[in-house]
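Structural characterization, general
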Amino acid sequence: MTTIAFIGLGNMGNPMAANLVKGGYAVHGFDLIPENLVIAKEHGVVIMANAVAAVKAADVVITMLPAGKHVLSVYEDIAPKAKKGALFVDSSTIDVESARKAHVIANRHGLLSIDAPVSGGTAGAAAGTLTFMAGGSKEAFAKAEPILQPMAGRIVHCGDDGAGQAAKICNNMILGISMIGVAEAFVLAEKLGLSHQALFDVASTSSGQCWSLTTYCPVPGPVPKSPANNGYKPGFAAALMLKDLKLSQEAAQASGAVTPLGAEAAQLYALFNAQGNAGADFSGIINFLRGAST
Ligand code: NAD
């Protein structure tokens with residue numbers, strides 16, 4: 001039986017590990033937070049004393065950690081102790097430079113590796129319908145694809161080392177910008193006396209159509225399941241949107257890309273977070289815009 005080490009059993013990692021157990025894999029898990037280990041054990045994960053112990057017998061090692069510094073520090077610890085020929089998969093959302101460094105650490109120890117961040121949030125993690133965007137060699141991707149299957153709705157090989165993280169931050173820069181655009185349109189509609197439903201009915205079938213409008217509408221009513229109907233509970237927290245927008249801006253600076261709207265979106269989400277909204281859904285930015293425009 002294939003054994004998978006899962007390091008980082010938080011909001012995303014725990015349901016992902018649970019789906020691997022359901023998929024028939026032996027999962028050896030570790031997290032720094034004891035409460036997360038209790039939940040993982042209930043899902044059938046074998047709890048290990050530390051990350052090194054978790055990877056010793058593992059054919060595949062998956063990490064789901066907060067940021068690049070955590071991934072690199074864990075990789076430095078575990079790569080020398082991993083089984084010969086093991087595959088390393090990092091599904092955390094991190095900066096492209098750290099992702100490439102993580103590949104270098106894995107390769108230095110003769111390990112195959114892919115960066116494979118995800119989209120779909122905690123609901124997608126629980127349902128096993130995440131979109132994985134993978135970067136790495138064809139050989140590493142071919143080995144990773146069947147392992148990711150129990151957690152995935154879609155798996156895309158985006159290119160070489162770091163390409164998965166590049167796809168993730170480009171996608172989320174579109175998302176941050178488009179949510180602000182949709183929210184601004186609803187704020188303007190309110191000022192012009194146009195109903196939310198009327199704007200939705202027109203824009204959702206016109207050139208203004210986008211995911212932020214039709215799936216995640218920032219006003220209550222037109223899309224009953226959007227967080228706006230649930231007091232802007234996440235969903236996708238504003239703190240995570242800010243993290244991803246900052247990553248996009250770091251990447252833009254490092255690569256010389258011109259992204260003025262991405263920069264503006266990062267600034268607006270920084271202000272929204274600073275006003276105590278870090279734990280709110282990112283579509284709640286509409287309330288911030290209403291405040292700013294009155
Ligand atoms: P989380 O904070 O709930 O989980 C991260 C876990 O990593 C924590 O439980 C923490 O204790 C653990 N950890 C940190 N350092 C560790 C170490 N050295 N060894 C072992 N465990 C360690 O965060 P999350 O929401 O699960 O997100 C994880 C990653 O997935 C982040 O990079 C995030 O940006 C990304 N992501 C999150 C979402 C979402 O909706 N939550 C969606 C897509 C991507």
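Our structure's up above, just so we're on the same page.
Keep in mind it's a predicted model, so treat the numbers as computed, not measured. (Residues numbered from 1 in each chain as written. Predicted model: local features only at pLDDT ≥ 70, side-chain atom pairs only at ≥ 80, totals over all residues. Heavy atoms only, no water.)

**Overview of the site of the ligand**
Note the threshold: If even one non-hydrogen atom of a residue comes within 4 Å of a molecule or strand, that residue is called near it. Between N or O atoms, a polar contact is any pair within 3.5 Å; within protein, one atom must be a potential hydrogen donor and the other a potential acceptor, and residues adjacent in sequence are included only when both atoms are from side chains. For accessible areas, the Shrake-Rupley method is used with a probe of radius 1.4 Å. Any residue's cover is judged against the shown protein chains and nothing else. Secondary structure counts use DSSP, requiring at least four H or I residues in a row for a helix and at least two E residues in a row for a strand, with both numbered from the N terminus. Three classes are used: nonpolar for Ala, Val, Leu, Ile, Met, Phe, Trp, Tyr, Cys and Pro, charged for Asp, Glu, Lys and Arg, and polar for all others, with Gly counted as polar. Domain delimitation in this document rests on an assignment produced automatically or drawn from a domain database.
Residues in contact with the ligand amount to 22 residues; listed here are only the nearest, N11, M12, D31, N36 and K243. In the environment of the ligand, an oxygen atom lies 2.8 Å from a nitrogen or oxygen atom belonging to the side chain of K243. For the ligand, whose accessible area on its own is 840 Å², the fraction buried by protein is 85%. Every element with two or more residues in the shell around the ligand is listed here: helix 6 (121-127) and helix 11 (238-255). Residues of the shell around the ligand, tallied by class, amount to 11 nonpolar, eight polar and three charged. Two domains share the shell around the ligand, each providing at least three of its residues, namely domain 1 (3-160) and domain 2 (166-293).

**Some words on a nonpolar patch on the surface**
The line we're drawing: Patches in this entry comprise residues that are over 30% relatively accessible and not in a salt bridge; like charges within 9 Å are linked, as are nonpolar side chains (Val, Leu, Ile, Met, Phe, Trp, Tyr) within 5 Å. Here, a salt bridge means any side-chain nitrogen of Lys or Arg that lies within 4 Å of a carboxyl oxygen of Asp or Glu.
Judged by side-chain polarity, L188, L192 and L194 come together as a nonpolar surface patch covering roughly 310 Å² of accessible area. Relative to the helices and strands, L188 is located in helix 8 (residues 163-192).

**Overview of the packing of helix 8 against helix 13 (residues 285-292)**
Put simply, the rule reads: Note on method: axes are straight lines fitted to C-alpha atoms, helices fitted across the in-contact stretch only, with angles between N-to-C directions ranging 0 to 180 degrees. By the definition adopted for this analysis, an angle is roughly parallel if under 35 degrees, roughly antiparallel if over 145, roughly perpendicular if from 65 to 115, and oblique otherwise. If you view the pair so one helix is near and one far, a crossing is left-handed when the near helix is turned anticlockwise from the far one by less than a right angle, and right-handed when it is turned clockwise. Contact between two residues is taken to exist if any of their heavy atoms lie within 4.5 Å; hydrogens are not considered.
Viewed as axis vectors pointing N to C, helix 8 and helix 13 meet at an angle of 50 degrees, and their least axial separation amounts to 9 Å. Relative to helix 13, the element helix 8 is oriented oblique. Here helix 8 runs over helix 13; the crossing is right-handed. On helix 13, the residues that touch M179, I180, A183, E184, F186, V187 and E190 of helix 8 are I285, I286, L289 and R290.

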